Amino acid sequence: MNVFFNLRGSIVRQMVEDRAAPEAAMSPPRRSSSSHGDSRPSTETLQRNNSSNSGVILDISTLKMAEVDTEVPPLPPRYRFRDLLLGDQTFQNEDRVQVEFYVNENTFKERLKLFFIKNQRSSLRIRLFNFSLKILTCVLYIVRVSLDDLKETNGNPCHNSMIRDPSWPNSTSESPEINWKLIFWVTRPDPLWAIQVTVALISFLETMLITYLSYKGNIWEQIFQISFILEMINTVPFIITIFWHPLRNIFVPVFLNCWLAKGALENMINDFHRAIQRTHSAMFNQVFILICTLLCLVFTGACGIQHLERAGKNLTLFDSFYFCIVTFSTVGYGDVTPQIWPSQLLVVILICVALVVLPLQFEELAYLWMESQKLGGNYSRHRAQTEKHVVLCVSSLKIDLLMDFLNEFYAHPRLQDYYVVILCPTDIDIQVRRILQIPLWSQRVIYLQGSALKDQDLMRAKMDDAEACFILSSRNEGDRTAADHQTILRAWAAKDFAPNCPLYVQILKPENKFHVKFADHVVCEEEFKYAMLALNCVCPAMSTLVTLLVHTSRGQEGQLSPEQWQRMYGRCSGNEVYHIRLCDSKFFGEYDGKSFTYASFHAHKKYGVCLIGVKREDNKSILLNPGPRHIMAATDTCYYINITKEENSAFIFKQEEKHNKNLSVSGLYDAPSRLPVHSIIASMGTVAIDLQNPDPPEEISKLALPTENGSGSRRPSIAPVLEIADSSAILPCDLLSDQSEDETNQSDEEGSVGSDFVKGYPPNSPYIGSSPTLCHLLPQKAPFCCLRLDKGCTHNSFEDAKAYGFKNKLIIVSAETAGNGLYNFIVPLRAYYRPRKELNPIVLLLDYPPDNHFLEAICCFPMVYFMAGTIDNLDNLLQCGIIYADNLVVVDKESTMSAEEDYMADAKTIVNVQTMFRLFPSLSIITELTHPSNMRFMQFRAKDCYSLALSKLEKIERDKGSNLAFMFRLPFAAGRVFSISMLDTLLYQSFVKDYMIAIARLLLGLDTTPGSGYLCVMKITEEDLWIRTYGRLFQKLCSSSAEIPIGIYRTESHMFSTSESQVSINVEQGEEQQRNRKESWKEKTAHRNSSASEQSEHPLLRKKSMQWARRLSRKSTNKPSSRAERISQQRLNLYRRSERQELSELVKNRMKHLGLPTVGYDEMNDHQNTLSYVLINPPPDTMLELNDIVYIIRSDPLAHMPEESQVGQNRNARNQTHFVSETRDETHL
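Residues numbered from 1 in each chain as written. Predicted model: local features only at pLDDT ≥ 70, side-chain atom pairs only at ≥ 80, totals over all residues. Heavy atoms only, no water.

A. Broad picture of the packing of helix α5 (residues 108–118) against helix α6 (residues 120–146). Direction vectors running N to C along α5 and α6 enclose 70°, while the axes themselves pass 6 Å from each other. Relative to α6, the element α5 is oriented roughly perpendicular. Contact with α5, carried on its side by Leu114, Phe115, Phe116, Ile117 and Lys118, involves Gln120, Ser122, Ser123 and Ile126 of α6 and no other residues of that element. Classifying every residue of the contact of α5 with α6 gives five nonpolar, three polar and one charged. (Axes fitted to C-alpha atoms, helices over the stretch in contact; angles between N-to-C directions. Helix = DSSP H or I, 4+ residues; strand = E, 2+ residues; numbered from the N terminus. Parallel < 35°, antiparallel > 145°, perpendicular 65-115°, else oblique. Contact = heavy atoms within 4.5 Å. Nonpolar A, V, L, I, M, F, W, Y, C, P; charged D, E, K, R; others polar.)

B. Local environment of the sheet that holds strand β21 (residues 1170–1176). Spatially, the four strands line up as an open sheet ordered β19-β22-β20-β21, and their pairing is antiparallel. Edge positions in the sheet fall to β19 (1014–1019) and β21, since each has one partner strand and no second. Between one strand axis and the next, the sheet turns through 25° on average, direction left out of account. With seven bridges joining them, strand β20 (residues 1044–1053) and β21 adopt antiparallel strand pairing. Across the sheet, tyrosine 1049 pairs through a bridge with valine 1174, a residue of β21. (Pairing = 2+ DSSP bridges.)

C. The packing of helix α9 (residues 190–213) against helix α11 (residues 226–243), seen in detail. Contact geometry of α9 with α11 gives a least axis separation of 8 Å together with a crossing angle of 130°. Taken together, α9 and α11 sit at an angle that is classed as oblique. Crossing angle aside, the handedness with which α9 passes α11 is left-handed. Along its contact with α9, which presents Trp193, Gln196, Val197, Ala200, Leu201, Ser203, Phe204, Thr207, Met208 and Thr211, the element α11 presents Phe228, Glu231, Met232, Asn234, Thr235, Val236, Phe238, Ile239, Thr241 and Ile242. Among the residues making up the contact of α9 with α11, the classes are represented as 12 nonpolar, seven polar and one charged. (Left-handed = near helix turned anticlockwise from the far one by under 90°.)

D. Quick look at the pairing of strand β10 (residues 637–642). With six of its six residues buried, β10 lies for the most part within the structure. Of the two faces of β10, both are covered, the one formed by Thr637, Tyr639 and Ile641 as well as the one formed by Cys638, Tyr640 and Asn642. Here strand β7 (residues 576–581) runs beside β10; their pairing, made up of six bridges, is antiparallel. The residue of β10 that forms the bridge with glutamate 576 is asparagine 642. Where strand β8 (residues 610–615) lies against β10, five bridges are found, and the strand directions are antiparallel. Note that in β10 the partner of glycine 613 across the bridge is tyrosine 639. (Buried < 20%, exposed > 50% of the residue type's maximum accessible area, 1.4 Å probe, protein only.)

E. Helix α21 (residues 480–497), seen in detail. A rise of 1.5 Å per residue sets the reference length of α21, with its 18 residues, at 26 Å; its end C-alpha atoms lie 26 Å apart and thus fit the reference within 8%. Among all positions in α21, only Arg480, Ala483, Asp484, Thr487, Ile488, Arg490, Ala491, Ala493, Ala494 and Phe497 are buried. Tucked into the core, α21 has its buried residues touching α20 (455–460), β4 (468–471), β5 (503–507) and α22 (525–538). One side-chain oxygen of the residue at the start of α21 lies 3.2 Å from the amide nitrogen of threonine 481, identifying that residue as aspartate 479. (Expected span 1.5 Å × (residues − 1). Polar contact = N/O pair within 3.5 Å; in protein donor to acceptor, adjacent residues only side chain to side chain.)

F. Broad picture of the nonpolar core. Counting residues in each nonpolar core, the largest one holds 205 residues, and the members touching the most others are Phe409, Phe470, Phe588, Phe825, Phe861 and Ile882. Ranked by residue count, the leading element in this core is α22, at eight residues. Each residue touching phenylalanine 470, except ones within four places of it in the same chain, is listed here: Val390, Val391, Leu392, Cys393, Phe405, Phe409, Tyr504, Leu987, Tyr988 and Phe991. With 28 residues, the next largest nonpolar core counts Val391, Tyr419, Leu448 and Ile507 among its residues. (Core = buried A, V, L, I, M, F, W, Y, C linked by side-chain atoms within 4.5 Å.)

G. Expanded view of the sheet that holds strand β13 (residues 810–815). On the basis of which strands lie adjacent, the open sheet formed by six strands has the order β15-β14-β13-β16-β17-β18 and parallel pairing. At either end of the open sheet lies a strand with only one pairing partner, and these are β15 (864–868) and β18 (977–979). For this sheet, the mean inter-axis angle between neighbouring strands, taken without regard to orientation, is 20°.

H. Local environment of a nonpolar patch on the surface. Taken together, the side chains of Trp180, Phe184, Trp341, Leu345, Val348, Ile349 and Val353 make up a nonpolar region of the molecular surface, amounting to roughly 680 Å² of accessible area. Where the nonpolar patch is concerned, the elements lending two or more residues are α8 (180–184) and α15 (341–375). For valine 348, the location among the structural elements is in helix α15. (Patch = residues over 30% accessible without salt bridge, like charges linked within 9 Å, V, L, I, M, F, W, Y side chains within 5 Å. Areas by Shrake-Rupley, 256 points an atom, 1.4 Å probe, with all protein chains shown as cover. Salt bridge = Lys/Arg side-chain N within 4 Å of Asp/Glu carboxyl O.)

I. Structural context of the pattern of salt bridges. For the coordinates displayed, the defined rule picks out 22 salt bridges. The closest approach of N and O atoms between glutamate 525 and arginine 475, which form a salt bridge, is 2.9 Å. One end of the pair, glutamate 525, is in helix α22; the other, arginine 475, is in the loop between β4 and α21, with 50 residues separating them in the sequence. As far as burial versus exposure is concerned, glutamate 525 and arginine 475 are alike and both buried.

J. Representation of the confidence of the model for the protein chain in the model. Of the residues in the protein chain, 69% have a pLDDT of 70 or more, and the chain-wide mean is 75. Summarising per-element confidence for the protein chain, the mean pLDDT is lowest in helix α47 (residues 1223–1226) (33) and highest in β4 (95). Confidence drops under pLDDT 50 across residues 154–174; counting only partners more than four residues distant or on other chains, this segment forms 20 contacts. Segment residues 654–714: pLDDT under 50, and 102 contacts once partners within four positions in sequence are set aside and those in other chains are kept. (pLDDT = per-residue confidence, 0-100.)

K. Geometry of the environment of leucine 1003. Within the secondary structure layout, leucine 1003 lies in helix α40 (residues 996–1004). Between the alpha carbons of leucine 1003 and leucine 535 there is a distance of 9.6 Å; along the sequence they are 468 residues apart. Those residues within four positions of leucine 1003 in sequence are excluded, and the remaining contacts are Leu535, Met542, Leu549, Leu624, Leu1015 and Ile1193.

L. Representation of helix α23 (residues 542–549) in the model. The buried fraction of α23 is high, at eight of eight residues. For α23, every residue scored as buried is listed here: Met542, Ser543, Thr544, Leu545, Val546, Thr547, Leu548 and Leu549.

M. Broad picture of the packing of aromatic side chains. Per the stated rule, a full pass over the model turns up 37 aromatic pairs. Taking 5.8 Å as the distance between ring centres and 85° as the angle between the ring planes, the aromatic pair formed by tyrosine 569 and phenylalanine 968 counts as edge-to-face. With tyrosine 569 in helix α24 (residues 564–572) and phenylalanine 968 in the loop between α37 (945–959) and α38 (970–973), this residue pair connects regions lying 399 residues apart in the sequence. Relative accessible area serves as the criterion here: at 1%, phenylalanine 968 is assigned to the buried category. One aromatic cluster is present, formed by Phe405, Phe409, Tyr410, Tyr418, Trp441, Phe470, Tyr504, Tyr988 and Phe991 through successive ring pairs. The residue whose ring lies beneath arginine 248 is tryptophan 193, and the NZ or CZ to ring-centre distance is 3.9 Å. For the cation-ring pair, lysine 993 lies above tyrosine 578, with the distance from its terminal atom to the ring centre recorded as 4.2 Å. (Phe/Tyr/Trp six-rings, centres within 6.5 Å; stacked < 30°, edge-to-face > 60°. Lys NZ or Arg CZ within 6 Å of the ring centre and 35° of its normal.)

Following this line, the structure appears as structure tokens:
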């Protein structure tokens, strides 16, 4: 039995331990039974009882809640899983503690404070109620005054004998006696008294409650407040009258509640703006305070004088009000005046208070007004919702930037009603302030000083209601990366504040472009700059062409000039890019279902417009010259070049053609002022158009061909342009034929030119966001040591450009650092559509050596080298091969973009370029300047009267309001100078023409869209002069190679003189040369129209131009040339010749010192006696001249490949061919 109980006891102990283990796992590790105050026996006590008393029955219930004093063992795994499933209800119910927050606000005082003070909406209601009470007390006072009767004052008849006769002051000159009872006692009816007592009691209780809630430990600070004292004066006497009836008619200055009403109104307005989460301007607040102060002063003075004069003249309330207005306005008629000294004393006190308070208020108001003028104020919400405006965000506003934006933005007719809000963080410049004060701009331009990173300033500019936001970078900053970072933050802030507002962002560096990819339109300055400078080397004056296309002009510049080239150049500069749907167009509507080439040629011949691109309705990409296989559809969007858009054009029908048939074509062109302005067809110089009976295509193609030597032999005819493309009739592109020769039928000599080049995409891009372009690449990357031009390495020992033996002329780029933008200079020159035989070596002349990241990006391109040096070092120029170069590109340096005087930033560049122009006159130097106005110093000739005449012409065009006043400068017209600020208008035009950035990128080769063509040039040789006119050339290109011409780059010989005697000599020489040229021209051509004869008569034009130049430069033409002048001129020529010889000897000596041969230096071949200019979309009857360079858009050769399999086979065969020797080892000079 004892054994049974022992066994049973051990089982019970095991059960107790098992049940205690889960509780111990959820409780502190050392948990004793004493912590719960349990007095039941422990397990050891029970064991002793069981061992000593074997006959006692064990009570199991006493063991249920027993706990162990020792440390609880860990929980067994089976119980852990069970508790995980069932949960611990004991822990959830007993150990959870509920925490209440903000218990201090649950007190009665805090609740009252929350309702009366802290809560915006409830406190606004309380203040509104308080303001109503104060206004009610003032109204009750006026009612009491209107009901006042002096005879019944205090209701005591004994007082009547003391009332003074009103006629006393007029009957005696002595000072009247003052009846003080009339001052201290008034007549107050019982209903009025009851109302005033009720209002006073409510005001008193509210004041005491607010004072109690706002108490902060200093009771005296609360008591001695002006508002508390006024409240006590106006409320306590009424409360006393409740308990003391004789005081019911005592006078209480209740009109002083107007000051309390003023304070309540100010607080109420503040609470109102806090409740609606909007702020009002400090200007509004100060004006409001000033008005309230004036009203309170006048009301207090009127009521006080009226009451005091009860004992004197007994003025009415209106008379007192009239007196106060006359007194405060300093008029002082004197018809109403106070008669007793208390009222006079009150007037003195009021005047003293006004002299102290009002000047302070006006001073604060004037200060706020001046600050608001400096900050620009606000653009009202009402104007933003009823009018259209755009926001211009800049870091610093210069006069040139402002005028370029305003002139280009408001050049479009539909933008005349728009307002421009300028948001700039700096103070407005004095020059900018003067410009904005001009009535033309003061009504449409609003300047706000503020930051785009502040929502308050964006709210002032009403960015959320703006039609667009232009964010421009500060290109004159020393750190252009920091300027881009600021632009990025501004763009992010504008997008965050107004997500629906279109953003037009200008970025300087291409590596920062992807940060603003979300913007609607982005223009990267360095991308466009380097691509344009690169195309200038292969397509002359490409920068001038693009600049003229993106500027808005009517083509009226230079039309009054006697120079024909200026009139023609100015007229063609008015051409811009426009768009229209085919189904809505009269220009292109009839070509639905016909080929693109057919539509482009016939639209140019018939209307004088140049169709350059098209976009399908289901495709977002614009295609430049998609080729003859593209069939026009009614839903296509056509992009064309014309003087104006079709909607602003008028069409001359056949009846008008008969009326104007006697007018010659040249007369129409030379005198556009005699024609209607709306007639764009006649102003372009084309023939009149018959829209009813258009010529059939068969007659268009039948063009008269010239004969040779008067015989009947005919030159090759011009094929007609087919409506539908015929693959057998279209000749293959020159590029493809050149490729086939290079790839299949190469001779030994041709194979040495570019046999180790492959086509592919550059493997390494220097920045994120660069467009992939198929380029000529090396089969293997060149080592970095081989990219150094002036130092040999283990692979070769060449140390100058002569040793490399380049076959083609070099292109040298002078830059400060190897930025990522230089990558965009190389890509267009190594694009796949450039023939291999025409690839020019590229030498980067850098002030600082490039890093490995940039070298990794350019090491895959063929014939690209770099060299450390500057353009102001003659040795560096000679080592990099400047005498073997055809083009030198001088890029504006970042370190010189900022100067103390703004326009001096280009000083170093201009002087260095002028030095190279004197040392190497045959070199074509393309220079980038910071300021366009400095281009007049390029190739500067101080005594050239023709250049001075052009300066006069520029000033005349600027005074007329032209946006292209600098266009007649010879360096700009020839494409020798360029400023990136000229392309700012590209971003501005994209607001009206959202396609301009895409078209510009396609023209510059920054983007390559499959099926879109590319820009290239062709030169007019003697064999091409039989085509005669630009219109026939258009047909020739469209029918043979499906190319679209868009303009001409023309170079003419011109005599630049320094004196009148030399003018006459040069004119005679020019006449003889032109006479010989005219005779040879007559042998080649059978006939010419009037315009051609006018263009060929250069001697007469040259003589007239010299006279015009001398007249504009204020030279005397009547004084005959004396012998002394001729002698001085001969001395000048000898001096010049000696100066030229000195420069030549200097260059040759340096070349000998460097070990370079002097054979290639030709100091006499220069371009100083020529002028060049660009003709965009000239009229079809424009005569072609020798050496004309025609800009053409060639269709994409990859878009017409036969099969993809053949392309893949050719590519595989090309990749399998390995060439060991390098290009520079195989080419020879």
